[in-house]
2 protein chains.
Amino acid sequence: MTELTIDQAAERMGISKHTLRYYEREGLLPEIAKGANGHRRYTEEDLGWVKFLQLLRGTGMPIREMKHFVSLTWAGDHTIAERVEVLERYRVALAARMEADREHMQFLNHKIDYYSGVLELENATPDAVAGERAEARL
Amino acid sequence: MTELTIDQAAERMGISKHTLRYYEREGLLPEIAKGANGHRRYTEEDLGWVKFLQLLRGTGMPIREMKHFVSLTWAGDHTIAERVEVLERYRVALAARMEADREHMQFLNHKIDYYSGVLELENATPDAVAGERAEARL
DNA sequence: CCTTGACTTAGAGTGCACTCGAAGAGTTAC
DNA sequence: GTAACTCTTCGAGTGCACTCTAAGTCAAGG
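These figures come from a predicted structure and were not determined experimentally.

1. Quick look at the protein's contact with DNA strand D
- The local shell around DNA strand D holds 18 residues, among which Arg57 and Arg64 of chain A together with Lys17, Arg21 and Arg40 of chain B are the closest.
- For DNA strand D, the backbone portion of the atoms within 4 Å of the protein, that is sugar and phosphate, comes to 72%.
- Taking Tyr23 of chain A, its side chain carries an N or O atom lying 2.9 Å from a phosphate oxygen of DNA strand D.
- Taking Lys17 of chain B, its side chain carries an N or O atom lying 2.9 Å from a phosphate oxygen of DNA strand D.
- At the level of secondary structure, the elements contributing two or more residues to the surface near DNA strand D comprise helix H2 (17–25) and helix H4 (63–75) of chain A together with helix H1 (6–13) and helix H2 (17–25) of chain B.
- By residue class, the composition of the surface near DNA strand D is 5 nonpolar, 4 polar and 9 charged.

In structure tokens:
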């Protein structure tokens, strides 16, 4: 019924047709059913799986490990313990990235604040600019 | 005095010698002074600059734009307004990434919680496992 | 009937950021 | 003095995740 063409699926998931086929080729997606014309028909379930892959990808997991994880998922419930181990590892790594990002955001904020200060000073007193040389070090 | 060899600099900054030379070649670092033997000698100021590059890089700025930004920095104070524009763009992008990461962390947490629940259930009642099939959809 | 356009495949190409290799020179250890 | 080591440069190679091309098929429109 509500099966989508590759174009529509790509549009809706915010991903390119190329990437959809690439994921399928790589075994990250199940083989997508084909219509009478041989064109792919994406079901809602397929799209849900794509979303799952996007989230997994977003955790920083590389394609190689996604293949592994996906195969675990398809292998059945006896792989759940291993799946947890994998996810834990990426949770730790993601937490580290988030922490680093906070530092980088601070860096940007400080830099922008400092520069904005210099600009305001220039506007306020267009004469006294020459003395401003001290780059904020961090 | 406290000038470091490329090995020491790499060690201290947590970066490879290759990358240090690469950054210099690309014009991201000023030309590093060489000792009598032709070997690079890194000053504290050089290392500060490396740190600056690492922070910039951490904001998600690609090498190409870093080159631009660095050239603005070296060009003098009249480029400050443009520097602010650039940094603002990366602040917006970084904020978006941080928001996305929060979503990805939630995803991991939910998955891990769900799986852990299944595991506990298995341990508690090793018999009633067969009925457990409903994958958490998100 | 013929063109247009979207799909199919396998495989090649791209962009990024390193990362490494080869060739050569200078210092240090025995 | 010669072997081992580390540095130098330049250019090539790597790994990742796409991204695109070429050649072919099929359906609809004019």
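2. Looking at the protein's contact with DNA strand C
- Taken together, 18 residues form the shell around DNA strand C, and within it Arg21 and Arg40 of chain A together with Tyr23, Arg57 and Arg64 of chain B come nearest.
- The contact atoms of DNA strand C, taken as those within 4 Å of the protein, divide so that sugar and phosphate hold 73%.
- Arg40 of chain A is positioned with one of its side-chain polar atoms (N or O) 2.6 Å from a phosphate oxygen of DNA strand C.
- Within the contact set of DNA strand C, a phosphate oxygen lies 3.1 Å away from a side-chain nitrogen or oxygen of Arg57 of chain B.
- For the surface near DNA strand C, the secondary-structure elements that each account for two or more residues are helix H1 (6–13) and H2 of chain A together with H2 and helix H4 (63–75) of chain B.
- With 5 residues, the single largest contributor to the surface near DNA strand C is H2 of chain B.
- Residue composition of the surface near DNA strand C, by class: 5 nonpolar, 4 polar and 9 charged.

3. A short note on H1 of chain A
All names here are of chain A.
- Turning to H1, its buried residues are Ile6, Ala9, Ala10 and Met13. All buried residues of H1 project into a common sector of 100° when viewed along the axis, lining one side.
- The secondary structure elements touched by the buried residues of H1 are H2 and helix H3 (44–58).
- Of the residues trailing H1, Gly14 is marked for its positive phi of about 65°.

4. A word on the pattern of salt bridges
- If you walk through the whole model with that rule in mind, you get 16 salt bridges over all chains.
- A salt bridge links Lys17 of chain A to Asp7 of chain A, with the shortest nitrogen-to-oxygen separation between them at 3.4 Å. With Lys17 of chain A in helix H2 and Asp7 of chain A in helix H1, this residue pair connects regions lying 10 residues apart in the sequence.
- Residue classification places Lys17 of chain A among the partly exposed positions, given a relative accessible area of 34%.
- Residue Asp7 of chain A is classed as partly exposed on the basis of its relative accessible area of 45%.
- For Arg89 of chain B, the salt bridge is made with Glu65 of chain B, and the minimal N-O distance between the two is 3.1 Å. Highlighted residues: Arg89 of chain B in helix H5 (residues 80–124) and Glu65 of chain B in helix H4, separated in sequence by 24 residues.
- The partly exposed category is assigned to Arg89 of chain B, whose relative accessible area is 45%.
- The exposure class of Glu65 of chain B is buried, given its relative accessible area of 13%.

5. So, the interface of chain A and chain B
- Residue-level contacts link 42 residues of chain A with 42 residues of chain B.
- Carbon and sulfur atoms make up 72% of the area that chain A and chain B hide from each other, which totals about 3,900 Å².
- There are 2 salt bridges connecting chain A and chain B.
- In this structure, Asp101 of chain B engages Arg97 of chain A in a salt bridge whose closest nitrogen and oxygen atoms are separated by 3.3 Å.
- Remark: the boundary between chain A and chain B carries 8 residue pairs in polar contact (both at pLDDT 80 or more).

Cut-off values and rules
In every chain, residue numbers begin from 1 and rise along the written sequence. Key to labels: chains lettered from A, ligands numbered from 1, both in the order written. For a predicted model such as this one, the threshold for reporting local features is a pLDDT of at least 70, and the threshold for listing and counting side-chain atom pairs is 80 or more; totals across whole chains, interfaces and linings nevertheless cover every residue. Computation of side-chain values: all heavy atoms of the structure, hydrogens and water removed. Near, as used in this document, describes a residue that has one of its heavy atoms within 4 Å of the molecule or strand being considered. Definition of a polar contact: a pair of N or O atoms within 3.5 Å, with one able to donate and the other able to accept a hydrogen when the atoms are protein atoms, and with sequence-neighbouring residues admitted only if both atoms are side-chain atoms. Secondary structure follows DSSP: runs of H or I at least 4 residues long count as helices, runs of E at least 2 residues long count as strands, and numbering of each begins at the N terminus. Nonpolar residues are Ala, Val, Leu, Ile, Met, Phe, Trp, Tyr, Cys and Pro. Charged residues are Asp, Glu, Lys and Arg, and all others, Gly as well, are polar. Buried residues are those whose accessible area, probed at 1.4 Å on protein chains only, stays under 20% of the maximum for their type, while exposed residues exceed 50% and partly exposed ones sit between those limits. In this description, the arc belongs to the directions extending from the helix axis to the C-beta atoms. In this description, contact between two residues means that some pair of their heavy atoms is separated by no more than 4.5 Å. For this document, the term salt bridge refers to a Lys or Arg side-chain nitrogen within 4 Å of an Asp or Glu carboxyl oxygen. Using a 1.4 Å probe, buried area is obtained as the accessible area two parts lose upon being combined, added over both of them.

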